[in-house]
Structure formats: structure tokens, C-alpha cells
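# Secondary and tertiary structure notes
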Amino acid sequence: MTKDPLLSQSRRDILLGASAGVMALSAPARLRAATPKHVLVAGGGFAGSTAAKYLRVWGDPSLQVTLVDPEKSHTSCVMSNLVLNRSLRLRDLRFPLSGLESYGVTVLRAKVDKVDPAAMSVKLDSGETVGYDKLVLTGGVSFIGPDGWSARTAPHAWKAGAQTTLLRNRIEAMPAGGTFIMTIPKSPYRCPPGPYERACTVAEVLHSNPGARVVVLDANAGIQATKVSFTRAFNELYSGIIDYRPNVEVESVEAGAGLVHTNAGTFRGDVINIIPTHRASALVRRAGAVPKGSKWAPVDPLSYASTLAGYENIHVIGDSQGTGQPKSGHMANAQAKVCADAILRILAGESIDTLARVRAVTTNSACFSPITADEASWLTAVFAYDETTGEMRVVPGSLAESGGWSRENYREMFDWSNNLWTDTFK
Ligand SMILES: Cc1cc2nc3c(=O)[nH]c(=O)nc-3n(C[C@H](O)[C@H](O)[C@H](O)COP(=O)(O)OP(=O)(O)OC[C@H]3O[C@@H](n4cnc5c(N)ncnc54)[C@H](O)[C@@H]3O)c2cc1C
């Protein structure tokens, strides 16, 4: 029996992202296209920055790669819950996109407003039209908020930046014995353990506020990830502080009065943190890459090319794609490498039909979650392409969680995030 190369990799390697996302995908030799080609990457987050970097690292030197993002730096959501307890500052999470210029990526500070798949061009908010041979769309997620909700009055802090600061300031200004209400949307949403990790972080901050409570209203039937650790943390460590309620769906919000109306009655809080329902980014939806009635972009996981007719030269990676793999920064980084490899092979004239045979396509994801001020838990899984269904499936035996929290995990969380940021943005 041959040994599965995925499972022979140590769990530690996977967790620390020593080879984030490229475990079975060896870097291709420089792939040469017949004539110089141009790949345009829209969005410089975890997915887009990794794709732009690896297209240049693995591609022929003549390959032109342009990365377009309206921001000068990307602010990482990964580790952003630690801004809420002041363990980190937002500036620790900012990564200048100019870092990719050293690989030969052209970085344009602009927003992609329109995509014309037939003309193979995009229109920027500057009015400029830019052509492409291949287009990679990202953009993360966009939100569908409940009635009466606004991000100003009930911040989500689910995109790192001003929202994170706003929520932190409100937590710090909570009255004595106050109530923090947070809501979790139905899956899929970005970072499956993220909301439960936030509940722990806020509960830990509120330890010094006697009588203060964290009410978690979860639209799902139960904890979605790292279940063993969070169940123990909620029931033991933060018993009397965290009040976890599954199957509670938000119907409307009156933030001024501190009211959240749900299918399980009305809850009153002093600080309200609404994490709304997710869907593909406005960029991807406006490009027409999401069919009517769907929230995510359908793609072929061998290349992340859109499966919609007329969209063959458009690839969608990261949170906006709809393969069913977890929506995480680590996963976005892994998908970007699969996509970059596929684009280079296609531009070099390889048939997409042979890709499955020549490439053992795998991706992986890891999430560390702070549980206390200096202890964390972790969760990891490996996905592999299943030729029978054409889908990415969890590799049996690869899904694992720490089953508790420790100081060592907390230290490794910083190694893991530094590896991921370096591999993505530097
Ligand atoms: C609190 C929190 C904690 C998290 N923790 C973890 C974790 O521990 N581990 C983990 O792996 N993941 C974690 N995540 C999830 C992770 O942040 C996302 O899954 C990841 O950011 C997705 O990458 P992306 O490239 O799809 O989107 P993003 O990283 O959001 O990047 C999107 C980019 O697109 C740009 N953009 C948007 N519109 C346009 C446009 N029209 N034109 C050009 N550019 C545009 C934006 O400016 C942005 O730079 C966490 C998320 C949150 C909210």
C-alpha cells in the first residue's frame, strides 16, 4: 500500500503553514506561454496577493501580472480579534501591497468597477479600461444585513479596519454589568471558528466587569468549528459570562434602543455586534460570476475557472468562490496557488482536461483561536480533489482540533500567522 503523502506530513507542518497550500502541488518549472500574456488580479487580500505573487514566481519572466486594489495596504482579518483585547494593534495587521512589486507585480491602486468577459477587459474607477488574457477575481465577501441594521450602529468588525476599532471602543465603554450581544449568521461565513473565538476574547475582557455577559445568538444548530474547545470554554471557563443560544435567527435590529429581534424573542444589549449573512463580494457579483439565486461563484476546483458560459477566462478564488471549502485566509492562500499553477499551465497550452491527471490538487486550512489572554486552540483540515464528483473533499483523518487550549498553541499561533502573512504579502 502506498503511503498517503498528505498524511505523512506532520500535523505541525500543516498547522504552521510551513508549505501552506502546496503540499502535493510542487512548484511548476517556469511555464512559458507562446506570446507574452497579461493576468489581471482584482483584490489584494489573502487570495489575490498570493495569486499575483506566485504567478510571477512560477511564471515565465515575460508574464505581466497586475494587481488592482483600492487600498494601499491590506488589513488582515486574521488575528484581528486580538485587537479587541489590545493584544495587537491594527497597524500590526497592515501589509503594504507594494511588497509584491519586488516579484515584478504591477500594483495599481484602483477599484475594479466593471468586467466585460466578452471583450476580456475591466473598467477601473479611474475610468481606465485594462485588457487581460486571464482575470482573477477575489474581493472577499459582502453582507446581507437584517432590517434596521447599519454597520455604524451595530458594527460587524468582520472586515478588519475602522469596524474593528469601533467595536473595541464600544466594548471598552460598556457600562458596569452590561450585556454584549453578538450574532452568528448561517454557514457558510468566513472563518468558521471566528465568531466563537470572538465570544471568548470579549468574555475574557469582560472578566474585569462584574455581572457583564456575552450573549451569542447563533443562526446555526450548534457550534460550527473547534467544537470541543469552544463547548468547554463556554460551559466551564466562561460559565456565567457567555450565554450561547443556537438556532436563533435575527429578524431586525433597533440598535439605538439596544434591541435585537429574533425568531426566539427580543434581546436587549448595551453593545451589539451583528455579523450579517455572507455572500460573494460585490466585485464578483457585479462581474456576473454569481448566478441568480446563488450566493457564491461556481468554479472548477482544478483551476478555479468560472463554470459559467462565456466566463472561461475568469477565475474566482478566496471567500467568493463556491466550492464548499472553508472560507479562510489560509484556504484562500492555498486556492490561489492552485489557481496560479492552472493559469500558467493553460497559458502554456496544456489542456485543462489533463490537469487532474498531472496535478494532485490539494488545499489545506488551519485556524488558531485565542481562548484566554495567553492560550489558544487550533483546527486543521486537508482537502483533495475527488475525480468522481469533481469536488474538493476532506481527506479522511486530516480533520483535527486541539481539543483544548494551551500557551504553546498561543505561541504557535503567531508563528502560523507570520508564515501565512509572509507567504501572502511579502
Ligand atoms: C475576525 C476574523 C478572524 C479570522 N481569522 C482567521 C484565521 O484565524 N485563519 C484564517 O485562515 N482565516 C481567518 N479569517 C478569514 C479570512 O480573513 C478570510 O477568509 C480571507 O481574508 C479571505 O481572503 P480573500 O482574498 O477572499 O478576501 P480578503 O482578504 O477580504 O481580500 C479582499 C480584497 O479585495 C479588495 N477589493 C474589494 N473590492 C474590490 C474591487 N472592486 N476592486 C479591487 N479590489 C477590491 C479589498 O480591498 C481586499 O483587499 C478571519 C476572518 C475574520 C473576520
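Residues numbered from 1 in each chain as written. Predicted model: local features only at pLDDT ≥ 70, side-chain atom pairs only at ≥ 80, totals over all residues. Heavy atoms only, no water.

### Brief notes about the site of the ligand
In the vicinity of the ligand lie 33 residues, with Asp69, Arg190, Asp319, Gly329 and His330 positioned nearest. Between the ligand and the protein, one listed contact pairs an oxygen atom with a backbone N or O atom of serine 328 at 3.4 Å. Here a nitrogen atom of the ligand and a backbone polar atom of glycine 329 are 2.9 Å apart. Relative to its unbound accessible surface of 990 Å², the ligand loses 93% to contact with the protein. Contributing elements (two or more residues each) for the shell around the ligand: helix 3 (46-58), strand 2 (64-69), helix 8 (329-347) and strand 22 (362-370). Here the shell around the ligand gathers at least three residues from each of two domains, domain 1 (5-140 + 281-425) and domain 2 (149-277). (Near = heavy atom within 4 Å. Polar contact = N/O pair within 3.5 Å; in protein donor to acceptor, adjacent residues only side chain to side chain. Areas by Shrake-Rupley, 256 points an atom, 1.4 Å probe, with all protein chains shown as cover. Helix = DSSP H or I, 4+ residues; strand = E, 2+ residues; numbered from the N terminus. Domains from an automatic or database assignment.)

### Examining the packing of helix 3 against helix 10 (residues 407-425)
Packed helices, taken two at a time, are described by the angle between their axes plus the distance between the axes. Between helix 3 and helix 10, whose axes approach to 7 Å, the crossing angle comes to 55°. Comparing their axes, helix 10 and helix 3 come out oblique. Across the interface between the two elements, Phe46, Ser49, Thr50, Lys53 and Tyr54 from helix 3 touch Leu420, Trp421, Thr422, Asp423, Thr424 and Phe425 from helix 10. Considered class by class, the residues forming the contact of helix 3 with helix 10 number 5 nonpolar, 4 polar and 2 charged. (Axes fitted to C-alpha atoms, helices over the stretch in contact; angles between N-to-C directions. Parallel < 35°, antiparallel > 145°, perpendicular 65-115°, else oblique. Contact = heavy atoms within 4.5 Å. Nonpolar A, V, L, I, M, F, W, Y, C, P; charged D, E, K, R; others polar.)

### Here we look at helix 3
With 13 residues, helix 3 ought to run about 18 Å at 1.5 Å a step, and its terminal C-alpha atoms sit 18 Å apart, in line with that. Counting buried residues along helix 3, 12 of its 13 residues qualify, which places the element largely inside the surrounding structure. Along helix 3, the positions that sit buried rather than exposed are Phe46, Ala47, Gly48, Ser49, Thr50, Ala51, Ala52, Lys53, Tyr54, Leu55, Arg56 and Trp58. Those residues of helix 3 hidden inside the fold are in contact with strand 1 (38-42), strand 2, strand 3 (73-75), helix 8 and helix 10. (Expected span 1.5 Å × (residues − 1). Buried < 20%, exposed > 50% of the residue type's maximum accessible area, 1.4 Å probe, protein only.)

### Some remarks on the sheet that holds strand 14 (residues 250-254)
The strand order across the open sheet built from 3 strands is 14-15-16, with neighbouring strands paired in antiparallel fashion. Looking at strand neighbours, the two that pair on one side only are strand 14 and strand 16 (265-268), the edges of this open sheet. The mean angle between the axes of side-by-side strands here comes to 20°, regardless of whether they run parallel or antiparallel. Sheet analysis places strand 15 (residues 259-262) next to strand 16, joined by 4 bridges and oriented antiparallel. Bridge pairing in strand 16 places threonine 262 opposite glycine 265. (Pairing = 2+ DSSP bridges.)

### Examining the sheet that holds strand 7 (residues 121-124)
Spatially, the 3 strands line up as an open sheet ordered 6-7-8, and their pairing is antiparallel. The open sheet terminates on both sides in strands that have one partner only, identified here as strand 6 (112-116) and strand 8 (129-131). The mean angle between the axes of side-by-side strands here comes to 25°, regardless of whether they run parallel or antiparallel. For strand 6 and strand 7, the ladder comprises 4 bridges, and the chain directions are antiparallel. Across the sheet, residue lysine 114 finds its bridge partner in strand 7, namely lysine 123.

### Points about the domain arrangement of the chain
By a widespread convention, an interface's size corresponds to the accessible area lost as its parts come together. The assigned domain composition of the chain is domain 1 (5-140 + 281-425) and domain 2 (149-277). A C-alpha centroid distance of 28 Å is found between domain 1 and domain 2. With 31 residues of domain 1 in contact, the opposing surface of domain 2 contributes 36 residues. Summing both partners gives a buried area of about 2,700 Å² for domain 1 against domain 2, and 60% of it is carried by carbon and sulfur. Applying the counting criterion to the domain 1 and domain 2 interface returns 2 salt bridges. One salt bridge in this structure joins aspartate 319 and arginine 190, with 2.7 Å as the shortest N-O distance. Our count for the domain 1 to domain 2 interface comes out at 12 residue pairs in polar contact (both at pLDDT 80 or more). (Buried area = accessible area lost by both parts, 1.4 Å probe. Salt bridge = Lys/Arg side-chain N within 4 Å of Asp/Glu carboxyl O.)

### Here we look at the nonpolar core
It is characteristic of soluble globular proteins that their nonpolar side chains tend to be buried jointly. By size, the foremost hydrophobic cluster in this structure holds 108 residues, and its most contacted members are Leu55, Val115, Val122, Leu137, Phe180, Val214 and Phe234. With 9 residues, the single largest contributor to this core is helix 8. When we break this core down by domain, the ones giving at least three residues each are domain 1 (5-140 + 281-425) and domain 2 (149-277). Among the nonpolar cores identified, the runner-up in size contains 11 residues, and Val215, Val253, Phe267 and Ile274 belong to it. (Core = buried A, V, L, I, M, F, W, Y, C linked by side-chain atoms within 4.5 Å.)

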